[in-house]
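One-letter residues, chain by chain:
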Amino acid sequence: MLLNLVKNDFKKNPGNNLVLLLFMTLSVGLVATVILTISQLFLSISTMYETALPPHFLQMHKGMLDQENIDEFNQAYPNITHWQTVEMINVYGDELRVEGQKEFTLSDCRLDISLVKQNLQYDVLLNENREFISLKKGEIGVPVILLEKNPIKIGDKIFLESNGIKREFIVASYIYDGQMNSTLCSSTRFLISDGDFYDLHGVVGETEYLLETYFDDPSMAVDYQSVYEEYIPTLPKNGQAVTYTIIFLLSAMTDIMTVMVVFVMSVLLTLIALFCMKYTILTAMEEEITEIGTMKAMGLSSKAIANLYLSKIRILMIFGVIFGYLLSLIAYQYTSEHMNRTFGIQPLSWTILFVGALGSVLVYLVTIQYCKGILKKLKNISIVDALVCGKGFAREKQIRNVLHKSSPIPTTFFMALHEVRTEVRRFSLIILVMALVSCIVIIPINIVNTMETEEFISYMGSDVHDVFIEIEQGKDIENRFENLEKLLQKKNNTNYQFFERIRMMAMDAEGKRKSIHIDSGQQAGQGLQYLLGNAPRNESEIALSKLESEYLGINFGDSLALYSENHEIMLYVCGIYQDVTSGGMTAKTMRDFEGVPPEQYRFMVDFIQQNNKQEIIESWRNQLGNGYTIEQMDEFITEILGGVLKQLKVTAWVSMGIGIGLIGLVISLFMKLRLAGAASQIAIQKALGVSVKNLRKQELYQILISASIGVICGTTVANVFGDYLMSILFSAMELGIVKIQFFIIPMISWVIIPLTLLAFAGCFCWLGTKSIKKLNVLYHLND
């Protein structure tokens, strides 16, 4: 019976019911998509990690290695389940030439490239089905993260030419790496057979070691790192140390950023859907005010009438949940593309499907509660108002003659302005929707613009410069430092500064010694994003990254004790800054720590004149040779954040499309309901001689005025307060960034996008007023 009632009502009022169904479908679809994507992301990573088994603690090392010393230390340390030393052959991109549909080298690859053999059980490399890969001699596996910029196909040939050795490989598989699967990592690994590895080991490239340790609980890696670096100075640590948490966050960064933007979109779209549902329900009851009055006259209570409406809404919402959930399964195929490319194909499990269904049910329950609140307005309708006066839910407005005030303003525009001013509640739907759509469109674009600007490097622990040159770790690091400094001193067209990265022990708030990476230099800490304080101004000050400050329990204004060969150095913490490099655990000071061996040197170079900059950089690469990383700052940001930016750009375009679609849907709905309700008034105006063109203009002006109010409000919120919202989300991710400031391109965010949204609003409104031409004047006047 209830289904028949809904069916008959759907035939009677297809527009209102279709709108309710559509908005419920959109709300459930977006929320379920976010839930499915987040759940599947963590499941994909955990499933991959169960097979690949990346290390809980990783220490990279170049140079001599005493394996017996490592074994002795690990045997004595509690709760270690396994450890191993993995050897890698580091080669340079210009030593690898690809021959396929195109011929090219990997010289443009900004990641350190290593050749490795397959491990037996831990830290293994997988194929797209998360299966163990075993290659034959002459075959090579290519990491998937290189495929976005390098068109390498299965069956292509890769030639290695290094130290006079030439070797040919056939691409046999793509490699899914549990720990080096993001451009945010500094390295990537190619897989070759055991035979090829032993043939090339010690003959080409430079050997680097991965010292990998596993525990009963991955969280034990932090304490292990402190003990490893403090009490055993003879253990190898000539390289970056990484924990399981950092590996996980770097792996998921691109997809997490995308999900963050989609999450913001889903929240805003859900709000739009609720506003539209309220407007649609009130309009439907307004049209049925006589029937409502009749039911009340028959003795039905307001609660009974509300339950009747609610039953119909429940049926529509259930169909909306079903359609929305099916829509989310389609949308998920697009949001999971990057995930599948990075972590391999992961079919949707029943558990994930169930979690998505729970999210859909939650949206249903929230919507029903919201609708119950709307239906309480039935209590305010009396029988006399409904049957005699025909009054519904709209407030009775006072009619005033205001045309005499409009002398300098066209009458049509003035009437529209007066209508919006006196009936602002009626136009609140347009105002709210346009404001929220403006946020949906502008916020993703501002995120992309922020990450594309050079200033974003300040969130990565560095100031903005033209070029940075990094001297790679190795036994001859001091000789390479001298060669580079001599080269730069010869150039009159450049200014440069350099930083020395060292590793020391620091005393935390609980009196425990912990390892700390420090960048030392005269300009250290300048140009960064400080949450508290400022950059070091003398050698007695030090600035800490946000995560380092939390890790040590040392805050702004405290003193920090550093130790070098049991010699204590006290420094004042002058600032807390944001940094995502090195796991967000860094420090900056001007002090020179004599006697402490450097881990790395980094030169920051600025050109006085920008002419021939590219040619000069290429000449530096040729003169310096291997052992240096020379990058233009803008190219470096594009390389490191390329995957993230690509995903966010797609999301931004999708948000633009969704926003325009919502504008069309809402304005079409609004105009349909408005023209249906005001048909008699329009018929009177036509009978009095008002032209159809002027009537359409009046409706257009009303929409443009209310839409302009919404766009101005939404644009202001998105541009002024949008970065606060993103800061909250970044802070929740614990990446080292807790406060981000949007880089806004005024012409785009303040002018082009708002005007574009208003133009679409005007077009949809003009199309929606076509029905005025066909309005039967006699029918409505007689009615």
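The rules behind each value
Counting starts from 1 at the beginning of each chain's written sequence and moves along it residue by residue. Local features in a predicted model are, by the rule used here, given only for residues with pLDDT of at least 70; side-chain atom pairs are given and counted only at 80 or more, and totals for whole chains, interfaces and linings are based on all residues. Side-chain measures were taken over the full set of non-hydrogen atoms in the model, leaving aside hydrogen atoms and water. The term salt bridge refers to a pairing of a side-chain nitrogen on Lys or Arg with a carboxyl oxygen on Asp or Glu at a separation within 4 Å. In this text, helices come from DSSP runs of H or I with a minimum length of four residues, and strands from runs of E with a minimum of two, each type numbered from the N-terminal end. Throughout this description, buried means an accessible area under 20% of the type-specific maximum (1.4 Å probe, protein chains only), exposed means over 50%, and partly exposed covers the range between. For two strands to be treated as a pair, DSSP must find at least two bridges joining them. Two rings from Phe, Tyr or Trp (for Trp, the six-membered ring) form a pair when their centres are within 6.5 Å of each other. A pair whose planes differ by under 30 degrees is stacked, one over 60 is edge-to-face, and the rest are tilted. Working convention: axes come from line fits to C-alpha atoms, limited for helices to the stretch in contact. Angles between N-to-C directions cover 0 to 180 degrees. The contact rule is simple, with two residues in contact once any of their heavy atoms fall within 4.5 Å. Helix span, as expected, comes to 1.5 Å for every residue beyond the first. Directions are taken from the helix axis to each C-beta atom, and the arc is the one they span. Lys and Arg are tallied as positive, Asp and Glu as negative. Neither His nor the chain termini are counted. In this document the domain limits rely on a domain assignment from an automatic tool or a database. In protein, a polar contact means a hydrogen-donor-capable atom and an acceptor-capable atom, both N or O and within 3.5 Å, with residues adjacent in sequence counting only if both atoms are side-chain atoms; elsewhere, any N or O pair within 3.5 Å suffices. Put simply, a patch holds well-exposed residues, over 30% relative accessible area, that have no salt bridge, with like charges counted together within 9 Å and Val, Leu, Ile, Met, Phe, Trp or Tyr side chains within 5 Å. Here the Shrake-Rupley method, with its probe set to 1.4 Å, supplies the accessible areas, and only the displayed protein chains count as covering residues. Here, nonpolar core means buried Ala, Val, Leu, Ile, Met, Phe, Trp, Tyr and Cys residues that are tied together by side-chain atoms lying within 4.5 Å of each other. For classification purposes, angles smaller than 35 degrees are called roughly parallel, those larger than 145 roughly antiparallel, those between 65 and 115 roughly perpendicular, and all remaining angles oblique. Side-chain classes follow a simple rule in which Ala, Val, Leu, Ile, Met, Phe, Trp, Tyr, Cys and Pro form the nonpolar group, Asp, Glu, Lys and Arg form the charged group, and the remainder, Gly included, forms the polar group.

> Would you take a moment to explain the pattern of salt bridges for this structure?
Tallied over the full model, the rule gives 20 salt bridges. Measuring nitrogen to oxygen at the nearest pair gives 2.8 Å for the salt bridge that ties Arg 501 to Asp 519. In this pair, Arg 501 sits in strand β13 (residues 494–507) while Asp 519 sits in strand β14 (residues 513–520), placing the two residues 18 residues apart along the sequence. In this structure, Lys 512 engages Glu 510 in a salt bridge whose closest nitrogen and oxygen atoms are separated by 4.0 Å. Residue classification places Glu 510 among the exposed positions, given a relative accessible area of 63%. Members of the salt-bridge network, linked through shared partners, are Arg 97, Glu 99, Glu 103 and Glu 161.

> What is the right way to read the pairing of strand β12 (residues 467–471) from this model?
Along any regular strand the residues' side chains alternate between the sheet's two faces. Most of β12 sits out of view: five of its five residues are buried. Residues Val 467, Ile 469 and Ile 471 point to one face of β12 and Phe 468 and Glu 470 to the other, with burial holding for every one of them. As paired strands, β12 and strand β20 (residues 600–607) are joined by five bridges and run antiparallel to one another. Within β20, the residue paired with Phe 468 across the bridge is Met 604. Examined bridge by bridge, β12 and strand β21 (residues 628–632) share five bridges and lie antiparallel to one another. Opposite Ile 469, over in β21, you have Ile 630 as the bridge partner.

> Looking at this model, I keep getting lost on the packing of aromatic side chains. Mind explaining?
Within a pair of aromatic rings, the relevant descriptors are the distance that separates the centres and the angle that separates the planes. Counted according to the given criterion, the structure contains 23 aromatic pairs. A ring pair is formed by Tyr 122 and Tyr 214, whose centres lie 4.6 Å apart and whose planes are at 50 degrees; its orientation type is tilted. Taken together, the residues span a long stretch of sequence, with Tyr 122 in the loop between β5 (112–116) and β6 (139–143) and Tyr 214 in strand β10 (residues 206–215) at a distance of 92 residues. Just as Tyr 122 is buried, Tyr 214 falls in that class too. With centroids separated by 5.6 Å and ring planes inclined at 45 degrees, the aromatic side chains of Phe 427 and Phe 670 adopt a geometry described as tilted. Remark: Phe 670 occurs in helix α17 (residues 633–677) and Phe 427 occurs in the loop between α12 (411–422) and α13 (428–452); sequence separation between them is 243 residues.

> Looking at this model, I keep getting lost on the sheet that holds β6. Mind explaining?
Reading across the sheet, the 11 strands line up as β4-β3-β7-β8-β6-β9-β5-β2-β10-β1-β11 and stay open at both edges, with mixed pairing between neighbours. The open sheet is flanked by β4 (103–105) and β11 (241–243), the only strands paired with a single partner. Averaged over all adjacent pairs, the angle separating strand axes in this sheet is 30 degrees, with direction ignored. Here β6 pairs with strand β9 (residues 187–192) via two bridges, running antiparallel. The residue of β9 that forms the bridge with Ile 140 is Ile 192. Lying over the sheet, helix α3 (residues 67–76) contacts β2 (80–91) and β10, oriented at roughly 150 degrees with respect to β2.

> Sorry if this is basic, but what is going on with helix α16 (residues 613–624) here?
Owing to its 3.6 residues per turn, the α-helix aligns residues three or four sequence positions apart on the same side. An ideal rise of 1.5 Å per residue puts 16 Å on 12 residues; α16 measures up with 17 Å between its terminal C-alpha atoms. The complete set of buried residues in α16 reads Lys 613, Ile 616, Ile 617, Trp 620 and Leu 624. Taken down its axis, α16 places every buried residue within 100 degrees of arc, on the same side. Residues Glu 615 and Asn 622 are exposed on α16 and point more than 90 degrees away from its buried face. Summarising the contacts, the buried residues of α16 are in contact with β12, α14 (477–489), β13, β20 and β21. One or two steps after α16, the chain reaches Gly 625, where phi turns positive at roughly 75 degrees.

> Would you mind showing me how to read the side chain of Glu 548 here?
Checked against the element boundaries, Glu 548 lands in helix α15 (residues 546–552). Of the side chains bearing the opposite charge, Lys 514 lies closest to the buried Glu 548, which forms no salt bridge; the N-O distance is 8.0 Å. Once residues within four sequence positions are removed from consideration, Glu 548 is found in contact with Ser 515, Ile 516, Gly 584, Met 585 and Thr 586.

> What am I meant to see in the domain arrangement of the protein chain here?
Many descriptions give the size of an interface as the accessible area lost when the pieces come together. Domain boundaries assigned for the protein chain yield domain 1 (1–25 + 263–392), domain 2 (85–210), domain 3 (406–460 + 636–783) and domain 4 (467–609). Just the C-alpha atoms count here: the centres of domain 1 and domain 4 sit 57 Å apart.

> For this particular structure, what's the right way to read the environment of Thr 586?
Within the element layout of this structure, Thr 586 appears in the loop between β18 (567–577) and β19 (587–589). Each C-alpha atom, one on Thr 586 and one on Glu 548, is 6.2 Å from the other, the two residues being 38 residues apart in sequence. With near-sequence residues (within four places) excluded, Thr 586 lies in contact with Arg 501, His 517, Leu 544, Ser 545, Glu 548, Tyr 577, Asp 579 and Thr 581. For Thr 586, the side chain forms a polar contact with the side chain of Tyr 577, separated by 2.8 Å.

> I tried to follow a nonpolar patch on the surface on my own but got confused; where do I start?
A surface patch of nonpolar side chains, amounting to about 1000 Å² of accessible area, comprises Val 717, Val 720, Phe 721, Tyr 724, Phe 743, Ile 745, Met 747, Trp 750, Val 751, Ile 752 and Leu 755. Looking at the nonpolar patch, the elements that each hand over two or more residues are α19 (692–733) and α20 (746–768). With five residues, α20 is the single largest residue contributor to the nonpolar patch. Considering the arrangement of structural elements, one finds Met 747 in helix α20.

> Quick question: what am I supposed to make of the nonpolar core here?
Within soluble globular proteins, side chains that are nonpolar tend to cluster in buried spots. In terms of nonpolar packing, the biggest core is built from 139 residues, with Phe 23, Ile 272, Met 317, Leu 375, Met 451 and Met 726 touching the most fellow members. The element contributing the most residues to this core is helix α6 (residues 244–287), with 22 residues. Those residues in contact with Ile 272 that lie beyond four places of it in its chain are Phe 23, Val 433, Leu 436, Val 437, Ile 440 and Leu 662. Ranked by size, the runner-up nonpolar core spans 24 residues in total, among them Cys 109, Phe 190, Ile 192 and Val 204.

> Please clarify how the packing of α6 against α13 should be interpreted in this entry.
The packing of two helices is summarised by the inter-axis angle and the distance between the axes. α13 packs onto α6 with a crossing angle of 175 degrees between their chain directions and a minimal axis gap of 9 Å. Considering their axes alone, α6 and α13 lie roughly antiparallel with respect to each other. The residues of α13 that touch α6, namely those facing Met 257, Val 261, Met 265, Leu 268, Leu 269, Leu 271, Ile 272, Phe 275, Cys 276 and Tyr 279, are Leu 429, Leu 432, Val 433, Leu 436, Val 437, Cys 439, Ile 440, Pro 444, Ile 447 and Met 451. For the contact of α6 with α13, a count of residues per class yields 20 nonpolar, no polar and no charged.

> For this particular structure, what's the right way to read the packing of α6 against helix α7 (residues 289–297)?
For the pair α6 and α7, the least separation of the axes is 4 Å and the interaxial angle reads 70 degrees. One finds that α6 runs roughly perpendicular with respect to α7. Residues Met 285, Glu 286 and Glu 287 of α6 form the contact with α7, whose participating residues are Ile 289, Glu 291 and Ile 292. Class assignment for the residues of the contact of α6 with α7 results in three nonpolar, no polar and three charged.

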